[in-house]
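# Working through the structure, step by step
Listed below, chain by chain, are the residues.
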Amino acid sequence: MTIIDKLCATLALGVAAALAAGHACAADYPVRATTIYVGFAAGGPTDVVARLLAEGLSRKLGQPFVVENRPGASGELAANLVKKAAPDGYTLMVGANGTLAILPVVKKGLGYEPLHDFTPIAPVARFPYYLVVSNQSRFRSYGDLIETGRKPAENLTFGSAGPGSANHLAGVWFSKAAGIASTHVPYKGDAAVLSDLIAGRVDFAFLAGSIVIPQVDSKNLRMLASASSSADIGLPGLPILGQGPLAGYSAEPWNGLLGPAGMPESVVRTLNAAVNEVMTSDSVAARLKAIDQYPFPGSAQAFADHIRTQTERTAEIVRKSNLTIE
C-alpha cells in the first residue's frame, strides 16, 4: 500500500468515525441542556407558552430546556441569533407568526428567510383575537360597526401593537373585507392600546383574550366578535367573523418551535413527538386555556406548510390593501 493509499484509508476511517459519532449523538439527543430563545419580553404570550413548553420538554426528555429572552425588532434579533447557531438541536427558538410570516413580507432587508434559514420542528400554540370596543361605544355589535364604517362620512380608527404587527394586519384585513374606511393608530405594544380604547379615543382593536377578558369583566371593554378560525378555539357564545359576513376571515396568532437550518431528522422527530405530547397533555392544555391559548399540534411538515401559507396570506392582504410599512 502506498503512502497516498494509507492516507486515503486513514481519512476514510476518520470520516466514517465522525459520521458515526454524529449519528450516535443525534440518536441520543438530548444529552445536555438546550436553550430556547424567545424574541419577546418575559411575561408576554410567546414567552408564557415557551416556558410551559420548556418545562414539559425537560420532564419528557430528561435534560434541561431553558428559555432565554432576546426581545427586540418583533423577534428579529432572536431569529438572527438562532440562524447562526450550530444545527445540533441545542439552540432552538419559539417563533411567533409576526416573526415568521409578517416581517418577511413587510420589512426590507430582513436578515433571514424562515423556510431557508430555519428547521421547522413543530407548531406549539395559537389563540384568537377578539374584535373589541369601549364599553361606552356606540357599537353594540360587529354589524353596527360595519354598517357605520361603510358610510362615506365616517372614518373609523383602530389601534394595534405597531406597524406590521399581527393585529395591525388583522385590522387592515377586516377593514378591507368589510368594506369600511379606517385609519390605523399604532402603539408600542398591545397593553398600550388599552387606555385609549377604553376611553374611546380609538374605535376598535383586535386583541388577545388574555389582555381583554379582565377588561370585559370589569365593564371597561365590550367584545363584538371572535376572529377565530373555528368555534373550538376561543370563548363560546361569541359571533365568529369568518362564519358570518366575512367568510374566510380569521386572525389567530400562533407560534412554533424551530432550530437552525440543517438539523438532523432524528432530532426533529424526537422533538416533534415530544412537543405534541407535552402541549396536548391535559395539564398543559388546561393551563393554556386559563390564558385563552390552545394547543396547536402538527408534524414538522405541517408547520412548514403553515408558515408558507400564512406568509402568502400576509402578502395577499398587503397587496390588496396597498399597505406600505416603513
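Per-chain numbering applies: the sequence of each chain, read as written, is numbered from 1 onward. Residue-level local features of this predicted model are given only where pLDDT is at least 70; pairs of side-chain atoms are given and counted only at 80 or more, and the full residue set underlies all totals for whole chains, interfaces and linings. Hydrogens and water molecules were not included; the side-chain quantities draw on all heavy atoms of the structure.

## Concerning the nonpolar core
Put simply, buried Ala, Val, Leu, Ile, Met, Phe, Trp, Tyr and Cys residues joined by side-chain atoms within 4.5 Å make one nonpolar core. Under the scheme applied here, a residue whose accessible area is under 20% of the maximum for its type counts as buried, over 50% as exposed, and between as partly exposed, the area being computed with a 1.4 Å probe on protein chains only. Counting 34 residues, the largest nonpolar core has Leu145, Phe174, Phe204, Phe206 and Tyr249 as the members making the most contacts within it. Helix numbering and strand numbering both begin at the N terminus, where a helix is a DSSP run of H or I of at least 4 residues and a strand a DSSP run of E of at least 2. When contributions to this core are tallied by element, the ones reaching two or more residues are α4 (97-106), β5 (129-134), α6 (142-149), β6 (156-160), α7 (166-178), β8 (204-208), β9 (221-226) and α12 (300-320). At 7 residues, the largest contribution of residues to this core is made by α7. The start and end points of each domain follow an automatic or database-based domain assignment. There are two domains that each give this core at least three residues, and those are domain 1 (34-126 + 253-321) and domain 2 (129-243).

## Overview of the side chain of Ser175
You can see Ser175 is positioned in helix α7. Here a residue-residue contact requires only that any non-hydrogen atoms of the pair lie within 4.5 Å. Those residues within four positions of Ser175 in sequence are excluded, and the remaining contacts are Phe158, Ile180, Ser182 and Phe204.

## A word on the domain arrangement of the chain
When its domains are assigned, the chain resolves into domain 1 (34-126 + 253-321) and domain 2 (129-243). Centre-to-centre, using C-alpha coordinates, domain 1 lies 26 Å away from domain 2. We define buried area as the total accessible area lost by two parts upon association, computed with a 1.4 Å probe and summed across both. Between domain 1 and domain 2 lies a buried interface of about 1,200 Å² when both sides are counted; carbon and sulfur atoms form 72% of it. If you sort the residues of domain 1 by the area they bury against domain 2, Asp292, Tyr294 and Ile317 come out on top, with a joint share of 37%. Salt bridge, as used here, is a side-chain nitrogen of Lys or Arg placed within 4 Å of a carboxyl oxygen of Asp or Glu. Counting across the interface, domain 1 meets domain 2 through 0 salt bridges. Pairs of N or O atoms within 3.5 Å make up the polar contacts considered here, provided that, within protein, one atom can donate a hydrogen while the other can accept it, and that residues adjacent in sequence are counted only when both atoms are side-chain atoms. Counting across the domain 1 and domain 2 interface gives 2 residue pairs in polar contact (both at pLDDT 80 or more). At the level of secondary structure, the elements contributing two or more residues to the side of domain 1 that touches domain 2 comprise α4 and α12. At 5 residues, α12 tops the list of elements feeding residues into the side of domain 1 that touches domain 2. In this classification, the charged set is Asp, Glu, Lys and Arg, the nonpolar set is Ala, Val, Leu, Ile, Met, Phe, Trp, Tyr, Cys and Pro, and all remaining amino acids, among them Gly, are polar. Of the residues in the side of domain 1 that touches domain 2, the class split is 7 nonpolar, 3 polar and 4 charged.

## Overview of unusual backbone geometry
Across the junction of Tyr29 and Pro30, the peptide omega takes the value -5 degrees, indicating a cis bond. For Pro30, the location among the structural elements is in the loop between α1 (3-28) and β1 (34-38). Here Ala73, not a glycine, exhibits a phi torsion of approximately 55 degrees, which is positive. Along the polypeptide, Ala73 turns up in the loop between β2 (65-69) and α3 (76-83). Of the residues examined, Ala73 reaches a relative accessible area of 41% and is grouped as partly exposed. One non-glycine residue, Lys219, lies in positive phi territory at about 65 degrees. Examined against the element boundaries, Lys219 turns out to sit in the loop between α9 (209-217) and β9.

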